[in-house]
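Descriptive structure summary
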Amino acid sequence: GESVGLHLPTLSVQEGDNSIINCAYSNSASDYFIWYKQESGKGPQFIIDIRSNMDKRQGQRVTVLLNKTVKHLSLQIAATQPGDSAVYFCAENIHPGTALIFGKGTTLSVSS
Amino acid sequence: GAVVSQHPSRVICKSGTSVKIECRSLDFQATTMFWYRQFPKQSLMLMATSNEGSKATYEQGVEKDKFLINHASLTLSTLTVTSAHPEDSSFYICSVRDRESEKLFFGSGTQLSVL
């Protein structure tokens, strides 16, 4: 089965709202997590990453939170814009040097 | 930032033909390249891992004789879908690990449609 999954397949928000996308992972040995954005017909685009020795990391308009106790990862997007509309995947790296394992994806739709 | 070039971006072929997809790291050397497949509205599924100069490691359920991977240099890996059939129609994406930074970068993907 999949080691990383997302709670909701779709999320619809209004422009300017804050968005929260969630992800649950099952492998407690994973030490590195990444959020990707994928637009239709394109490859994944890196958003933000976090290592297991951290519980929060902030970027430009995005924040990733890691809760190792419940094996939960979230992506917060502040002031969501129509250009943020895409599918968002969390991915985990179980061992350094190995491939990323992707979750199912959440489709974010932002309406003006 | 690091650039990964993947070609072609889209290919339509007849059933039974073979299709080659290239993945190049343009400004860095890659220790490892990964190939993923993505069906519509689904996640990326790892197919295989390739290291330069050695045989690729395939995930369970992926036929190595059907999906031939060649990683001949530190900047180029190719995936050949042999005798393609309609069920092989999918979005194929390569991912490359930078030898120096250890970061992963993705190609733009190849949409394969087999008629």
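Before reading on, note that the structure itself is shown above.
Here's a quick rundown of the structure. (Residues numbered from 1 in each chain as written. Chains lettered and ligands numbered in written order. Predicted model: local features only at pLDDT ≥ 70, side-chain atom pairs only at ≥ 80, totals over all residues. Heavy atoms only, no water.)

1. As for the sheet that holds strand β1 (residues 4–7) of chain B
Residue and element names in this part refer to chain B. Heads up, the condition is: One requirement defines pairing of two strands: DSSP has to find at least two bridges between them. Labels follow the DSSP assignment, with helices taken as runs of H or I lasting at least four residues and strands as runs of E lasting at least two, numbered in each case from the N terminus. To obtain each axis, a line is fitted to C-alpha atoms, and for helices this fit is confined to the stretch in contact; angles are then taken between N-to-C directions over 0 to 180 degrees.
Taken together, the four strands give an open sheet; going across it, the order is β1-β3-β8-β7, and neighbouring strands pair in antiparallel fashion. Two strands bound the open sheet, and with one partner strand each, they are β1 and β7 (67–73). Averaged over all pairs of adjacent strands, the angle between strand axes in this sheet comes to 15 degrees, irrespective of strand direction. Two elements, strand β3 (residues 19–25) and strand β8 (residues 76–81), share six bridges in a ladder whose sense is antiparallel. When the sheet's bridge partners are listed, Cys23 is paired in β8 with Ser77.

2. Examining the nonpolar core
What tends to happen in soluble globular proteins is that the nonpolar side chains get buried as a cluster. To be explicit about the condition: Residues belong to a common nonpolar core when they are buried Ala, Val, Leu, Ile, Met, Phe, Trp, Tyr or Cys residues joined through side-chain atoms within 4.5 Å. For every residue, the accessible area (1.4 Å probe, protein chains only) is compared with the maximum for its type, and the residue is labelled buried under 20%, exposed over 50%, or partly exposed between those bounds. Only heavy atoms enter the contact rule, under which two residues are in contact if any of them lie within 4.5 Å.
If you look at the biggest cluster of nonpolar residues, it comprises 24 residues, and the most contacted ones within it are B:Cys23, B:Trp35, B:Phe67, B:Leu79, B:Tyr92, B:Val96 and B:Leu112. Secondary structure elements with two or more residues in this core: β2 (10–13), β3, β4 (30–38), β5 (45–51), β7, β8, β9 (90–98) and β11 (110–114) of chain B. For B:Cys23, the residues in contact, after removing those within four places along its chain, are B:Val4, B:Ser5, B:Gln6, B:Met33, B:Trp35, B:Thr75, B:Leu76, B:Ser77, B:Cys94 and B:Val96. Within the second largest apolar cluster, 20 residues are counted, among which are A:Cys23, A:Val62, A:Val64 and A:Leu66.

3. Some thoughts on the layout of surface pockets
Leftover empty space is mapped by rolling, across the atoms, a probe with the size of a water molecule. Here is the rule we go by: Only protein atoms enter the calculation, which uses a 1 Å grid: trapped sets of points that fit a 1.4 Å probe without letting it out are cavities, open sets showing protein on both sides within 12 Å along at least five of seven lines are pockets, and any residue with an atom within 4 Å of a point is a lining residue. Grid points are joined across faces, edges and corners, and a volume is the space filled by probe spheres set on the points. Each residue receives one of three labels: charged for Asp, Glu, Lys and Arg, nonpolar for Ala, Val, Leu, Ile, Met, Phe, Trp, Tyr, Cys and Pro, and polar for the others, Gly being one of them.
If you add up the space inside the largest pocket, you get close to 470 Å³. Along the wall of the largest pocket there are 20 residues; nearest its centre are B:Gln38, B:Phe39, B:Pro40, B:Lys41 and B:Gln42. The set of elements that each furnish at least two residues to the lining of the largest pocket consists of β9 (86–93) of chain A together with β9 of chain B. Broken down by class, the residue content of the lining of the largest pocket amounts to six nonpolar, 10 polar and four charged. Roughly 330 Å³ of volume is contained in the second largest pocket. Lining the second largest pocket are 17 residues, with A:Tyr32, A:Asp49, A:Arg51, B:Glu102 and B:Lys103 sitting closest to its centre. Contributions of two or more residues to the lining of the second largest pocket are made by β4 (32–38) and β5 (45–51) of chain A together with β10 (104–106) of chain B.

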